[in-house]
Amino acid sequence: MLTKTLLSLGNSGINFITGAGRAGMLLLGALKPSGRGVKFFPLLVKQLYVVGVQSLVIIVIAGLFIGMVLSLQGYSLLVGFGAEQSLGQMVALSLLRELGPVVSALLFAGRAGSALTAEIGLMKATEQLSSLEMMAIDPMHQIIAPRFWAGLISLPLLSAIFSAFGILGGHLVGVDWLGVDTGAFWAIMQASVDWNQDIATGLLKSMVFAVVITWIALHKGYDAVPTSEGISKATTSTVVTASLAVLGLDFILTALMFS
Amino acid sequence: MNLSDNIIEISDLSFKREDRIIYNDINLKVPRGKVTAIMGPSGIGKTTLLRLIGGQLLPNSGKILFNDENIVTASRKSLFKMRRKMGMLFQSGALFTEMSVFDNVAFPIREHTKLPESIINKVVLMKLEAVGLRGAAQLFPAELSGGMARRAALARSIALDPELIMYDEPFAGQDPISMAVIVRLIRELNDALGLTSIVVSHDVEEVLSIADYVYIIANQTVIAQGTPQQLRQEKSEQVIQFMEGRPDGPVPFHFPHQDYKKEMCNNVD
């Protein structure tokens, strides 16, 4: 019994370390300058469209609604203290520091991350990755690197767009519906939002989230068991692991930045 | 440099997956310019052998020489250099689904050469003409039948005029017409382009009709080899069972398990 437990523990340990090693090699492969120069650029542009542009609709709509809800909740709280003029400040800081990077990262993991895992898993199952290898073309350069860099570039931009539309949503509800003074809304926001403390930290967070989500998505796809069940498991695992990683990292980054 | 008569030489190759031995000290030679067939029952690792030759898997021991260069110990750079002289037709075709047939065939040429598009256009059309799919150049893989997809993949694998082409189960799941087309193409391309072909299959009659030399693999090793005529004369029970498709023999019909009667009696209360 004890031997069996030890054996299973040992096996789990070996599997974990092997998996981590493979994930590390994949990250190195994606980061390494490929030397493909001009051939890399069209691949990157295509992936920027697939990963970034195609995620825009969900990001814009979610940003608008989150901003509107924030504004409604914030107004009902602030009006009790007669501080409803600070609504713009509250909406902007909540979005720029926390909700923008975190919610856009969660949405990105669900939309683009799962799609990346499924796509690469299917390419593996249909031997497309093997056929690239046999054509003397490194899948790391052709498939993994463009998707990795596209994720890295897209998410911070999507996060900025999310926050911008969130503020717009907050304005729609706070100013146009609830009657907060538009001058106060924008002026107090402008006075209280700091580039380093609020905007740069938010961007830094979304960059870290972008690396983690894209890395997890690509690794899960590349390492997927090449069957329909294996790809389905890998896709689910991407969303769950990436979402939890984003929330955990958000806490750590917030503690490091603001404590 | 004088290359040996064999494009591939495998010596003392052993390979295992976890605890399961796939090959045990196997030796095999693929003569240059010929069609060599590798046959054997399902699940004995025929595709694995092609992956070992392509350097996609590493053996536990032994040597695999391609043009006298050892694939096993080659650096990634020299392995990629060797792969540029190899083509492989995968069982699924492995066409890139987001590209048209034309772009699939043009892909390796665009990646590995700096030829102008006008030349690439002509080369691709020549390759597609060779497999009878010039008219399907603008179709996408999803619009092709199984046989057409395999022919398109064949055009892609000969795009860079390789020295060696490996066919992984080229006849699997094909209707009789597609099968006859592929059989003819393998032989004609081999002779017209001066290639060397390795065909992995368990379709006995089709393989024997085009192969110059045949290896039969079972029990982790080569159990018979020779020209198709020599194999038809083979006396070994195991070879006869495979060649004639007998359901029972040295390769048992029943998966090994405890005695049937004993198990049935045990279940009676």
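Just so it is clear, the model here is predicted, and its values are computed rather than measured.

**Some words on the overall build of chain B**
At step 1: When helices and strands are counted, chain B shows ten helices and ten strands.
At step 2: Scaling as 2.2 N^0.38, a compact globule of 269 residues should have a C-alpha radius of gyration of about 18 Å, and chain B matches this with 21 Å.
At step 3: A principal-axis box enclosing the C-alpha atoms of chain B has dimensions of 75 × 45 × 40 Å.
At step 4: Buried residues in chain B amount to 49% of all 269 residues.
At step 5: Here the analysis covers contacts within chain B between residues at least 6 apart in sequence; of these, 63% occur between residues at least 24 apart.
At step 6: Looking at chain B, you have 30 positive and 32 negative side-chain charges, and the mean spots of the two groups are 6 Å apart.

**Quick word on the interface of chain B and chain A**
At step 1: In this complex, chain B contributes 25 residues to the contact, which on the side of chain A involves 16 residues.
At step 2: Of the roughly 1800 Å² buried where chain B meets chain A, counting both sides, 53% is carbon and sulfur surface.
At step 3: Viewed at the interface, chain A and chain B are joined by four salt bridges.
At step 4: When the shortest N-O distance is used, the salt bridge between Arg 51 of chain B and Glu 127 of chain A registers 3.1 Å.
At step 5: Ranked by residues supplied to the side of chain B that touches chain A, first place goes to helix H3 (residues 101–112) of chain B with five residues.
At step 6: For the side of chain B that touches chain A, the residue count by class is ten nonpolar, seven polar and eight charged.

**Description of the pattern of salt bridges**
At step 1: Within this structure, the stated rule accounts for 19 salt bridges over all chains.
At step 2: Its salt-bridge partner being Arg 76 of chain B, residue Glu 133 of chain A comes within 3.5 Å of it at the nearest N-O pair. Taken together, the residues span two chains, with Glu 133 of chain A in helix H5 (residues 128–134) and Arg 76 of chain B in helix H2 (residues 76–83).
At step 3: Salt-bridge contacts for Arg 187 of chain B lead to Asp 191 of chain B; the nearest nitrogen and oxygen are separated by 3.0 Å. Pair noted here: Arg 187 of chain B and Asp 191 of chain B are both in helix H6 (residues 176–193), with a separation of four residues, about one helical turn.
At step 4: Among the residues examined, Asp 191 of chain B registers a relative accessible area of 49% and is labelled partly exposed.

**Describing the environment of Phe 102 of chain B**
All names here are of chain B.
At step 1: Locating Phe 102 in the fold gives a position in helix H3.
At step 2: For the pair Phe 102 and Leu 125, spaced 23 residues apart in sequence, the C-alpha separation works out to 7.9 Å.
At step 3: Not counting the four nearest positions on each side in its chain, Phe 102 is found in contact with Arg 110, Asn 121, Val 124, Leu 125, Leu 128, Ala 137 and Gln 138.

**Remarks on the confidence of the model for chain A**
At step 1: Mean pLDDT over chain A stands at 92; residues scoring 70 or higher make up 98%.
At step 2: Confidence, expressed as mean pLDDT per element, reaches its minimum in chain A at helix H1 (residues 2–31) of chain A with 88 and its maximum at helix H3 (residues 56–78) of chain A with 95.

**A few points about the packing of aromatic side chains**
Residue and element names in this part refer to chain A.
At step 1: Following the criterion strictly, the structure yields four aromatic pairs over all chains and no others.
At step 2: Aromatic pair Phe 148 and Trp 149: ring centres 6.0 Å apart, planes at 85°, arrangement edge-to-face.
At step 3: A relative accessible area of 2% means that Phe 148 is categorised as buried.
At step 4: We classify Trp 149 as partly exposed; its relative accessible area is 30%.
At step 5: Each ring, one from Phe 185 and one from Trp 186, has its centre 5.3 Å from the other, and the planes form 85°; the classification is edge-to-face.
At step 6: Phe 185 sits in the buried class, given a relative accessible area of 0%.

**Section: the sheet that holds strand S3 (residues 35–39) of chain B**
All names here are of chain B.
At step 1: The mixed open sheet is built from six strands, whose spatial order is S6-S7-S8-S3-S9-S10. For this open sheet the edge positions go to strand S6 (86–89) and strand S10 (221–226), each flanked by a neighbour on one side alone. Averaged over all pairs of adjacent strands, the angle between their axes in this sheet comes to 15°, without regard to strand direction.
At step 2: Across five bridges, strand S7 (residues 164–168) lies against strand S8 (residues 196–201) in parallel orientation. Note on S8: the bridge partner recorded for Tyr 167 is Val 199.
At step 3: Packed onto the sheet, H6 meets S3, S7 and S8 and runs at close to 160° relative to S8.

**Here's the deal with the pairing of S3 of chain B**
Residue and element names in this part refer to chain B.
At step 1: Of all five residues that make up S3, five are buried, and the element is covered over most of its length.
At step 2: Inspection of the sheet shows S3 paired to S8 by five bridges, in the parallel sense. Its bridge partner being in S8, Ala 37 is matched across the sheet by Val 199.
At step 3: Bridge analysis of S3 against strand S9 (residues 213–218) gives four bridges, and the strand direction is parallel. Paired with Ala 37 across the strands is Val 214, a residue of S9.

**Thoughts on the side chain of Arg 147 of chain A**
All names here are of chain A.
At step 1: The topology assignment puts Arg 147 in helix H6 (residues 139–177).
At step 2: Among the residues examined, Arg 147 registers a relative accessible area of 6% and is labelled buried.
At step 3: Side chain to side chain, Arg 147 and Glu 119 meet in a polar contact 2.9 Å long.
At step 4: When sequence neighbours within four positions are dropped, the list of residues in contact with Arg 147 reads Gln 47, Leu 116, Glu 119, Ile 120, Gln 142, Thr 214 and Leu 218.

Analysis parameters
- Residues numbered from 1 in each chain as written.
- Chains lettered and ligands numbered in written order.
- Predicted model: local features only at pLDDT ≥ 70, side-chain atom pairs only at ≥ 80, totals over all residues.
- Heavy atoms only, no water.
- Helix = DSSP H or I, 4+ residues; strand = E, 2+ residues; numbered from the N terminus.
- Rg over C-alpha atoms; globule rule 2.2 N^0.38 Å.
- Buried < 20%, exposed > 50% of the residue type's maximum accessible area, 1.4 Å probe, protein only.
- Contact = heavy atoms within 4.5 Å.
- Lys, Arg positive; Asp, Glu negative; His and termini not counted.
- Charge placed at Lys NZ, Arg CZ, Asp CG, Glu CD.
- Buried area = accessible area lost by both parts, 1.4 Å probe.
- Salt bridge = Lys/Arg side-chain N within 4 Å of Asp/Glu carboxyl O.
- Nonpolar A, V, L, I, M, F, W, Y, C, P; charged D, E, K, R; others polar.
- pLDDT = per-residue confidence, 0-100.
- Phe/Tyr/Trp six-rings, centres within 6.5 Å; stacked < 30°, edge-to-face > 60°.
- Pairing = 2+ DSSP bridges.
- Axes fitted to C-alpha atoms, helices over the stretch in contact; angles between N-to-C directions.
- Polar contact = N/O pair within 3.5 Å; in protein donor to acceptor, adjacent residues only side chain to side chain.

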